[in-house]
Amino acid sequence: MVFIRNYYVNTTQKTDILLITHDVKRAVRESNIPNGLVTVLVPGSTAGVVLLENDPAIHEEYKKWIEKQIPEGKSPRPNRRSGSGRNEAHLRAALVGASLSIPLSEGKLMMGAWQEVLLYDFDDSKIGRREITVQILGESAGGAGGGGGAGGESYQ
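Since we're looking at a predicted model, the values are computed, not measured.

Draft legend 1. Molecular detail of the nonpolar core. Core analysis: the largest hydrophobic core is formed by 25 residues, its most contacted members being Ile 20, Val 38, Val 40 and Ile 136. For this core, the secondary structure elements donating two or more residues are β1 (2-11), α1 (21-31), β3 (35-41), β4 (47-53), β5 (99-105), β7 (115-121) and β8 (128-139). Ignoring any residue separated from it by four or fewer positions in sequence, one finds Ile 136 in contact with Met 1, Val 2, Phe 3, Ala 27, Val 28, Ser 31, Ile 33, Leu 37, Val 38 and Leu 104. The next biggest cluster of nonpolar side chains, apart from the first, holds 10 residues, and it includes Leu 52, Ala 93, Tyr 120 and Phe 122.

Draft legend 2. Examining the layout of surface pockets more closely. Quantified by volume, the largest pocket comes out at close to 270 Å³. Along its surface, the largest pocket is lined by 13 residues, and Lys 25, Val 28, Gly 107, Lys 108 and Leu 109 are the ones closest to its centre. Those elements that provide at least two residues to the lining of the largest pocket are α1, β6 (108-109) and β7. Of all the elements, α1 adds the most residues to the lining of the largest pocket, at three residues. Taken together, the residues of the lining of the largest pocket break down into five nonpolar, four polar and four charged.

Draft legend 3. Examining the pattern of salt bridges more closely. In total, this model carries five salt bridges according to the counting rule given. With its nearest N and O atoms 2.6 Å apart, the salt bridge here joins Arg 26 to Asp 23. Of this pair, Arg 26 and Asp 23 are both found in helix α1, three residues apart, which corresponds to roughly one turn of the helix. Look at Arg 26 and you get partly exposed, because its relative accessible area is 30%. Look at Asp 23 and you get buried, because its relative accessible area is 5%. With a shortest N-O distance of 3.7 Å, Arg 92 and Glu 72 are connected by a salt bridge. Pair noted here: Arg 92 is in helix α3 (residues 87-96) and Glu 72 is in the loop between α2 (56-69) and α3, with a separation of 20 residues, a long-range link. Classification of Arg 92 as buried rests on a relative accessible area of 3%. A relative accessible area of 34% places Glu 72 in the partly exposed class.

Reading the values: the criteria
- Residues numbered from 1 in each chain as written.
- Predicted model: local features only at pLDDT ≥ 70, side-chain atom pairs only at ≥ 80, totals over all residues.
- Heavy atoms only, no water.
- Core = buried A, V, L, I, M, F, W, Y, C linked by side-chain atoms within 4.5 Å.
- Buried < 20%, exposed > 50% of the residue type's maximum accessible area, 1.4 Å probe, protein only.
- Helix = DSSP H or I, 4+ residues; strand = E, 2+ residues; numbered from the N terminus.
- Contact = heavy atoms within 4.5 Å.
- 1 Å grid on protein atoms, 1.4 Å probe; cavity = no way out; pocket = protein on both sides within 12 Å on 5 of 7 lines; lining within 4 Å.
- Points joined across faces, edges and corners; volume = space filled by probe spheres on them.
- Nonpolar A, V, L, I, M, F, W, Y, C, P; charged D, E, K, R; others polar.
- Salt bridge = Lys/Arg side-chain N within 4 Å of Asp/Glu carboxyl O.

Written as structure tokens, this is what we have:
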């Protein structure tokens, strides 16, 4: 069975760091799939997702490390058809990665006790809206069927 759910979060600053674990866990509950694989994707090319300890100091340190690897450019914002940010926003997002997968066992994400799913948005438009897609592959709790529901899609 495949279950897909889309969520939206608002970003409020140039490089925003958002905790999205609660959205991923909500999709797991709604899917009725106890065992499988959860994939989290941030469509777009200027944001990424990562698993880190839930410690704001670590989140900031990771952000600084990424900014050191790919420094801020001096050129003006390019005029792209997509309207997306500067080149460094694309490169930083590529470094983080647009998706991650987490095993699911007995309805629980197989993460460390302190790990959280974080979204890093590198676009320079400051205020925006990001889509998060959560896909869960596995068997429903009752065997075949189930899942889906309010806004979710399930396939067998």
